[in-house]
Amino acid sequence: MILYISIALLTVLAARWGLTKREYREERGTRAAAMSRIAYALIFLALFIPAALRSNTGNDYLKYVDFMHLIRSNAYVPTETGFNTFVRAVYAASGYENYLLVFALLSAMTIALFLAAVRDQSVDFFLSFFLFMTLGYYFQSYSTVRYYFALAIVIYSLKFFLNREYVPFLLLVLLAAGFHKSVLVVLILYPLALIPWNAVIYLCGAALCAAFAAFPDFWLKVVVKLYPSYEDTEYLSGSGFNPAAIARCAAVLILAIIAAGVNGESFSRKIHREKISASDPAERFYLHSTVLALAIYAFCSFLPIISRIGYYLTMPQIFYIPLLLRKLPDRKRKVFTGLVMLAGTAYFILLLRRMSSDGLRLLPYHSFLFYDLPKILSEMRD
């Protein structure tokens, strides 16, 4: 736990010198730009080194080692083609089953993409990075490494989508789908979040939410059709009810209402106008994605894996919250920024308390420098 707290403190402190892409261009050649480069490097190394050195840390670490062993043996695995090809390439280049290098490379690419996304898309590098760390995106990437790599690709590609550069966005999504096919839902959800909403869309959305709530067994069968490997597994057992995610989405919407009221415009008028901001479609996207996430978490909680869809919609909030805070007057901005940081810190403390649970297994932290990996399932069978 001390290690994780130290990582969070060190990187958040370094983020104080980080500049957004726009700020960096304005400060090019200055001391501030040089400090920003140093901060980026320090943050990357502080995040990458413990991720690369970990062993059997994460709830599915051993399962992935087993999957990679089966991939090299040309046996059936439920993982996607892109991941399988990547593993075979690393193993072929290494000459042996170098699963440590696979985890290290995936960690490096995931961290680099997340940092690039924050640098390119946020209006406040420090606050967005603070939320990235305290909301647990980095620490949870120690588990489900395929999913978090796909998530990192999609969040990075969001800048292309919002700039209407759809070809690079689509290519990056297809690349991400080669590692975790759940990412394909963004091809429906992201355009839906970007377009202006009218009464027809609200009515259709309400009807769909009612259908999810009324016929959970039907939708579970649909999920099994899409993910046959999930049938009779822990992925479809239990509940996906997430009160923290629901509360977070509700809080973000309240902040959006407050920010709209500051500008002298009612929130209902703002969301029903043809365009929330003609010059900034990102604001409309962030608002609608938060509404969609709230609906999904509230009405699809019977799906234990619902968070894998919800994260595609909630992670952009690390960009949306600083954008909303910028709209507030100085005094009110300071108050709400403090509240946001207090809430993020409280969430991080709760996350630390759950890190040893079966769903995370981030504690105790083990490194291959001092710890031998237990036998994987395939070795036990042999």
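If you're wondering where the values come from, they're calculated on a predicted model, not measured in any experiment.

Draft legend 1. Quick look at the overall build of the chain. Looking only at helices and strands, the chain features 20 helices and 0 strands. Residues counted as buried form 49% of the 382 residues belonging to the chain. The long-range share in the chain, meaning contacts at least 24 apart out of those at least 6 apart in sequence, stands at 74%. Surface exposure of the chain reaches about 18300 Å², of which carbon and sulfur atoms provide 65%.

Draft legend 2. Summary view of the confidence of the model for the chain. When pLDDT is averaged along the chain, the result is 89, and 89% of the positions lie at 70 or above. Across the chain, the element-wise mean pLDDT spans from 52 in helix α15 (residues 267-272) up to 98 in helix α7 (residues 125-134). Scored below 50 in pLDDT, residues 274-279 shows 8 contacts in the model against residues more than four places distant or in partner chains.

Draft legend 3. How the structure looks around unusual backbone geometry. Of the consecutive residues leucine 363 and proline 364, the connecting peptide bond is found in the cis state with omega at -5°. Of note, proline 364 is situated in the loop between α19 (330-354) and α20 (377-381). Its identity is not glycine, yet threonine 144 carries a phi of approximately 40°, on the positive side. Note that threonine 144 resides in the loop between α8 (137-140) and α9 (145-162). The backbone of arginine 361 sits at a positive phi, close to 50°, despite the residue not being glycine. Residue placement: arginine 361 occurs in the loop between α19 and α20.

Draft legend 4. Main features of the nonpolar core. Counting 114 residues, the largest nonpolar core has Phe129, Met133, Tyr138, Phe139 and Tyr190 as its most contacted members. Looking at this core, the element that brings in the most residues is α9, giving 14 residues. Those residues in contact with methionine 133, other than ones at most four positions away along the chain, are Ile7, Ala8, Thr11, Val12, Leu47, Tyr138, Phe139 and Phe348.

Draft legend 5. Structural context of the layout of surface pockets. A volume near 1100 Å³ is recorded for the largest pocket. In terms of lining, the largest pocket is formed by 35 residues, of which the most central are Leu189, Leu208, Phe212, Ile296 and Cys300. Contributions of two or more residues to the lining of the largest pocket are made by α11 (186-194), α12 (199-214), α13 (216-226), α16 (281-299) and α17 (307-314). Tallying contributions element by element places α12 first for the lining of the largest pocket, with 8 residues. Taken together, the residues that form the lining of the largest pocket break down as 31 nonpolar, 2 polar and 2 charged.

Draft legend 6. Layout of the side chain of threonine 144. The exposure class assigned to threonine 144 is buried, which follows from its relative accessible area of 15%. Apart from residues no more than four positions distant in its own chain, threonine 144 is found in contact with Asn59, Asp60, Tyr64 and Arg308.

Draft legend 7. Highlighting a nonpolar patch on the surface. A contiguous nonpolar surface patch, about 530 Å² in accessible area, is contributed by Val167, Leu170, Leu171, Leu174, Leu184 and Leu187. Among the elements that line the nonpolar patch, the one with the most residues is helix α10 (residues 166-177), at 4 residues. If you trace the backbone, leucine 184 turns up in the loop between α10 and α11.

Draft legend 8. Seen up close, the pattern of salt bridges. Evaluated as defined, the whole model comprises 5 salt bridges. Two residues, lysine 327 and glutamate 283, come together in a salt bridge whose shortest N-O distance is 3.4 Å. Of this pair, lysine 327 sits in the loop between α18 (317-326) and α19 while glutamate 283 sits in helix α16, and the two are 44 residues apart along the sequence. With a relative accessible area of 25%, lysine 327 lands in the partly exposed category. Residue glutamate 283 is classed as buried on the basis of its relative accessible area, which comes to 5%. The salt bridge partner of arginine 333 is aspartate 330, with a shortest N-O separation of 3.0 Å. Separated by 3 residues within a single helix, arginine 333 and aspartate 330 lie in helix α19, roughly one turn from each other.

What counts, and at which threshold
Residues numbered from 1 in each chain as written. Predicted model: local features only at pLDDT ≥ 70, side-chain atom pairs only at ≥ 80, totals over all residues. Heavy atoms only, no water. Helix = DSSP H or I, 4+ residues; strand = E, 2+ residues; numbered from the N terminus. Buried < 20%, exposed > 50% of the residue type's maximum accessible area, 1.4 Å probe, protein only. Contact = heavy atoms within 4.5 Å. Areas by Shrake-Rupley, 256 points an atom, 1.4 Å probe, with all protein chains shown as cover. pLDDT = per-residue confidence, 0-100. Core = buried A, V, L, I, M, F, W, Y, C linked by side-chain atoms within 4.5 Å. 1 Å grid on protein atoms, 1.4 Å probe; cavity = no way out; pocket = protein on both sides within 12 Å on 5 of 7 lines; lining within 4 Å. Points joined across faces, edges and corners; volume = space filled by probe spheres on them. Nonpolar A, V, L, I, M, F, W, Y, C, P; charged D, E, K, R; others polar. Patch = residues over 30% accessible without salt bridge, like charges linked within 9 Å, V, L, I, M, F, W, Y side chains within 5 Å. Salt bridge = Lys/Arg side-chain N within 4 Å of Asp/Glu carboxyl O.

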